[in-house]
Each structure stands twice: as C-alpha cells, then as structure tokens.
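# Structural overview for review
Listed here are the chains, written in short residue letters.
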Amino acid sequence: MNEANQKKRIAIFGSTGSIGTQALDVVRAHSEIFEVEILTAQANAELLISQALEFMPNAVVIGNEEKFKEVKEALSDKGIKVFCGEKALEEVADFDTYDLMLAAIVGFAGLRPTLKAVEKGKTVALANKETLVVAGDIVMQKAVENRAPIIPVDSEHSAVFQCLLGEARNPINKVILTASGGPFLGKKPNFLVNVKRDHALQHPNWSMGAKISVDSATLMNKGLEMIEAKWLFNLKPKQIEVVIHPQSIIHSMVEFADGSVKAQLGLPDMKLPIQYALSFPQRINNDFPKLNFKKANALTFEEPDLRTFRNLGLAMDALHKGGNLPCILNAANEIAVWAFLKNRIGFLDITAVVERTMEVIPFIENPSLEDYFYSDGEARNFAATLLQIE
Ligand code: NAD
Ligand code: MG
C-alpha cells in the first residue's frame, strides 16, 4: 500500500494489450483504490506514452529499443523513469515500490519478470498463463517460499479460485474447465484446412489479443489452461476435465468429494476477473452489464471434438507426461501461431508443427529453470526450421 494514501500500487506488465488496457479501465474507474506504479509495452510507444501521461506511473518500460528515444522524450520531463529492453522488465519487477503485478505480457516473454515478482513476495495477478505452462513447478514453489499470492486472471481459473474459497480442507473430485469452442465449433478438418487468419481472430464471445484468439480457435488455449489449473490448484491431471459450453456464462466448476458442484457465472467480460484479481479479497462495485437470467438463453454442454481439434489432445499429453513437455509444446505453439498470423502456414499446420517438435526435442523428467530456458530455445529453433522461417 502507498502509506500516504492507502492505495494499492499496481504494476501492469503488458499494459498496451487486451488485458492491460482493460485493467487500466478498471483502475480508471476506481482511482480511489488503485494507483499505477509501472507500465510496460513491447512496441506500441504511442499508446504507452498516452497511458503514462494519464496514469503518471513511477516508471515505464518499452521493449523495442528503437522506440526508446520517442518514449523518453515524451515522458522524462514529467518525472517518469523510462527504461527499454528485455532486461529492464526484470529490473523494474525488482522494484520495492509496487504492491501487485498484473502479469499481462503474452507468451514465454512473461516468465522472467513474473518470476522476479514472485521472488520478491509480491502479489501477482496472473493473466500470462504461459508462465505456468512452461515452469509451473518452479513458479509455484517460489510462490510458497516467498509467500507471494498468485491470483488468477484467466476467467476459468478465476472461477475455480472463487469456487474454492472457504473449501481449503475439503477434497476435490475434479475441476471442470468450460470452453466456448471458439469460432470453429462443430467444424471438421476439411473446413479448417482453408481457414485464414482473419477468420480465426473472430471469437464469438471474447475480444482478445491475436495469439490467444488463435489458441482459442485451435483449442490449444484450453489445453494450456488445463496445465495452468494443475499448478494453480495442485491437481492431478486426471482431476481436470474440459467441457464445451458455447454460451461462456459458466466460467468453470468444481466438483467436491460429496458430488456437490460449485460454479461461477457471469457475462463473458474479462474486466470482471481482472477487477476481482486486482481488488481481492474485496469485491467492488462496477457498471459492467450484469447477467439477466430471465433473458439468458439455454446453457448447453458438449464433449470437445478431440479428433478435429488435435491441439487439445497434444496439450493433454503434455499435461500427463509433465517434465519439459509442456514447455516444448508451448514454444512450438508460439512459433507456429506466429507463422499462421503472418499467413505463412495453414491452420492445421499449427498442430503438425507442435506434434513434431514434441517428438523430437529431448524429454527431461525433472527440469531445472535453466533446462526450461534451454528446451524453449531448442523447441523454437526446431519449429522454425520445420517452417523454414529461421
Ligand atoms: P495482447 O497481445 O493483446 O497483449 C500483450 C501485451 O504484452 C502487450 O502489451 C505487448 O506490448 C506485450 N508484449 C508482447 N510481446 C512482448 C515481449 N516479447 N516482451 C514484453 N512484452 C511483450 O495479449 P492479451 O490478449 O492481453 O494476453 C495477455 C496474456 O493474458 C496472455 O498470456 C493470454 O493468454 C492471457 N489471457 C488473455 C485473455 C484475454 O481476454 N485477452 C484472457 C485470458 C488470459
Ligand atoms: Mg481462459
């Protein structure tokens, strides 16, 4: 807390993205509770500058070094410290002057700064699921050692987290993650083979960044979320199920030992789990549209089609086998999704690249952090060679 005014000081890593900008909407609406201490962005200097001028943080980081001069010139006479480059993310994550990090960088790039915040014992509101997919054992171990609370932002995990409050001593049978099914629900490979970038980016229920939108279309996102759930809630792989729920009203469920099921419901709006993670343990008012059961359509459920959406099966394999396999899966997927977004490969090629990379990169059963970085690099290089995009 800022001792002078009792506000929670927030560091938003990835402030120009979909989660980052929605988090700033929440902060703007509750300036009596929150203040912004750090903002970071990779390339969008213009938006970072305008965010900084509005929220007046102590420090900002621009990842792309070519944009440093522009950001520095715009902000340094305002008393805002300006840093650039990858290393600076870890350096500002090491600051004492913030209370909560919102980890909203996309992909593996979020791991190091998030780990730094955990090592400092900071509260982490975690959107960057790749951090737990890659190195969940190490991140959770360090969180325990340093008493760093990790509050999930991902809507499914926020739902499970809320269902588990007050149930610390009660055994869980299983966690049921809901999936909308994405834009290609019900489609078959003969359709998917021709799918293009713009089509894959049209999610029916959520508006998100490009990478997670493609992951939602391939169902890789749900596989990553199963791995995320394993680490967040200390579950065995067989305790984690996925059900397709196209309306995205039930955000996930927990079945307890007695067979009772708890669920968390709401309209599909990421501002809700973002606000909850920032304000936890309090719940605070907002003007978001509320769920109206009298107008709600039927809530329906179905099995995921694992034959068509093979990425989900690959992620389940990684979940069950563990070791560095989730890290390899994640790295290959990041490369393949990037290539798909550049229109260099087809939609179904994403699965082929991930599958082949998982077969080739050596398995390590008990990886160290260095092993994870090494496996990530190896998997990226191999996937890039497959795609001839070195
Ligand atoms: P996005 O692409 O919209 O934003 C990503 C942010 O990270 C941007 O601020 C960007 O500048 C920054 N960034 C990108 N590459 C970087 C790099 N190499 N180094 C440092 N910063 C970098 O992504 P998003 O949709 O906001 O997703 C962010 C994270 O939240 C992802 O891990 C995603 O899986 C997770 N998530 C997102 C949603 C959603 O609704 N968007 C929902 C659940 C979870
Ligand atoms: Mg999710």
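Residues numbered from 1 in each chain as written. Chains lettered and ligands numbered in written order. Predicted model: local features only at pLDDT ≥ 70, side-chain atom pairs only at ≥ 80, totals over all residues. Heavy atoms only, no water.

## A few points about the domain arrangement of the protein chain
According to the domain assignment, the protein chain consists of domain 1 (8-152), domain 2 (157-307) and domain 3 (322-390). With centres defined by C-alpha atoms, the gap from domain 1 to domain 3 works out at 26 Å. Each side of the interface is counted separately: domain 1 has 11 residues, and domain 3 has 11 residues. Taking both partners together, domain 1 and domain 3 bury about 940 Å²; carbon and sulfur atoms supply 71% of that area. Of all residues in domain 1, Phe108, Val133 and Val134 give up the largest surface area on contact with domain 3, accounting jointly for 50% of the area buried on that side. In this structure, the connection of domain 1 to domain 3 is made through 2 residue pairs in polar contact (both at pLDDT 80 or more). Among the secondary structure elements, those contributing two or more residues to the side of domain 1 that touches domain 3 are helix H5 (111-119) and helix H6 (130-145). By residue number, the principal contributor to the side of domain 1 that touches domain 3 is H6, which donates 6 residues. (Domains from an automatic or database assignment. Contact = heavy atoms within 4.5 Å. Buried area = accessible area lost by both parts, 1.4 Å probe. Polar contact = N/O pair within 3.5 Å; in protein donor to acceptor, adjacent residues only side chain to side chain. Helix = DSSP H or I, 4+ residues; strand = E, 2+ residues; numbered from the N terminus.)

## Brief notes about the sheet that holds strand S2 (residues 34-41)
In spatial order, the strands read S4-S3-S2-S1-S5-S6-S7; together these 7 strands make up an open sheet with parallel pairing. Because the sheet does not close on itself, it has two edges, and the strands there are strand S4 (81-84) and strand S7 (150-152). Neighbour-to-neighbour, the strand axes of the sheet open up by a mean angle of 20 degrees, direction not taken into account. Alignment of strand S1 (residues 8-13) against strand S5 (residues 100-103), held across 4 bridges, turns out to be parallel. The residue bridging isoleucine 10 from the neighbouring strand is leucine 100, located in S5. Packing of helix H3 (residues 68-75) onto the sheet brings it into contact with strand S3 (59-62) and S4, and relative to S4 it is tilted by some 175 degrees. (Pairing = 2+ DSSP bridges. Axes fitted to C-alpha atoms, helices over the stretch in contact; angles between N-to-C directions.)

## Quick word on the site of ligand 1
Thr16, Ser18, Gln42, Glu130 and Gly209 are the nearest of the 22 residues found near ligand 1. Contact between ligand 1 and glycine 14: an oxygen atom at 3.3 Å from a main-chain N or O atom of the residue. In this structure, glycine 209 approaches ligand 1 through a main-chain N or O atom, which is 2.9 Å from an oxygen atom. Burial of ligand 1 by the protein amounts to 85% of the accessible area it has alone, namely 830 Å². Classifying every residue of the shell around ligand 1 by side-chain character gives 11 nonpolar, 8 polar and 3 charged. Summarising the domain contributions, the shell around ligand 1 has at least three residues from each of domain 1 (8-152) and domain 2 (157-307). (Near = heavy atom within 4 Å. Areas by Shrake-Rupley, 256 points an atom, 1.4 Å probe, with all protein chains shown as cover. Nonpolar A, V, L, I, M, F, W, Y, C, P; charged D, E, K, R; others polar.)

## Things to note about the pairing of strand S9 (residues 240-244)
Side chains on a regular strand alternate between the two faces of the sheet. Counting buried residues in S9 gives 4 out of 5 residues, a clear majority hidden from the surface. In terms of strand pairing, strand S8 (residues 172-179) meets S9 through 5 bridges, oriented parallel. By the bridge assignment for S9, threonine 178 is matched with valine 243. (Buried < 20%, exposed > 50% of the residue type's maximum accessible area, 1.4 Å probe, protein only.)

## A word on unusual backbone geometry
For the peptide bond that leads from phenylalanine 280 to proline 281, omega is 5 degrees, which places it in the cis range. With respect to the helices and strands, proline 281 occurs in the loop between helix H12 (271-279) and helix H13 (310-321). The phi torsion at serine 248 lies on the positive side, around 50 degrees, for a residue other than glycine. As for its placement among the helices and strands, serine 248 is situated in the loop between S9 and strand S10 (250-256). For serine 248, a relative accessible area of 6% gives the class buried. In the Ramachandran plot, asparagine 343 falls in the positive-phi region, its phi being about 60 degrees despite a non-glycine side chain. With respect to the helices, strands and loops of the structure, asparagine 343 is situated in the loop between helix H14 (325-341) and helix H15 (349-360).

## What about the nonpolar core?
Within the largest apolar cluster, 127 residues are counted, with the highest numbers of intra-cluster contacts made by Phe13, Val60, Val71, Val153, Leu278 and Leu329. Among the elements that make up this core, the one with the highest residue count is H14 (12 residues). With residues up to four places along the chain from it excluded, the contact list for leucine 278 reads Lys8, Ile10, Ala23, Val26, Val27, Phe34, Leu100 and Ala125. (Core = buried A, V, L, I, M, F, W, Y, C linked by side-chain atoms within 4.5 Å.)

## Some thoughts on the coordination of the magnesium ion (ligand 2)
The coordination sphere of the magnesium ion (ligand 2) contains the protein donors Asp154 (OD), Glu156 (OE) and Glu225 (OE), at a distance range of 2.1 to 2.3 Å. Of note, the donors binding the magnesium ion (ligand 2) are all from one chain and are spaced D-x1-E-x68-E. In this structure glutamate 156 comes out as buried when scored by relative accessible area, which is 8%. (Donors = N, O, S within 2.8 Å, 3.2 Å for Na, K, Ca; no water.)

## So, H6
Spanning 16 residues, H6 covers 21 Å between terminal C-alpha atoms, matching the ideal 22 Å at 1.5 Å per step. Maximum bend of H6: about 100 degrees, positioned at glycine 136. Of the residues one or two after H6, arginine 147 is the one with positive phi, at around 50 degrees. (Expected span 1.5 Å × (residues − 1). Bend = angle between axes of the 7 residues up to and from the residue.)

## Section: the environment of serine 375
With respect to the secondary-structure elements, serine 375 resides in helix H16 (residues 369-387). Between the C-alpha atom of serine 375 and that of alanine 59, which follows or precedes it by 316 residues, the distance is 33 Å. In this structure, serine 375 is in contact with Asn324, Cys327, Ile328 and Ile364, ignoring residues within four places of it in sequence.

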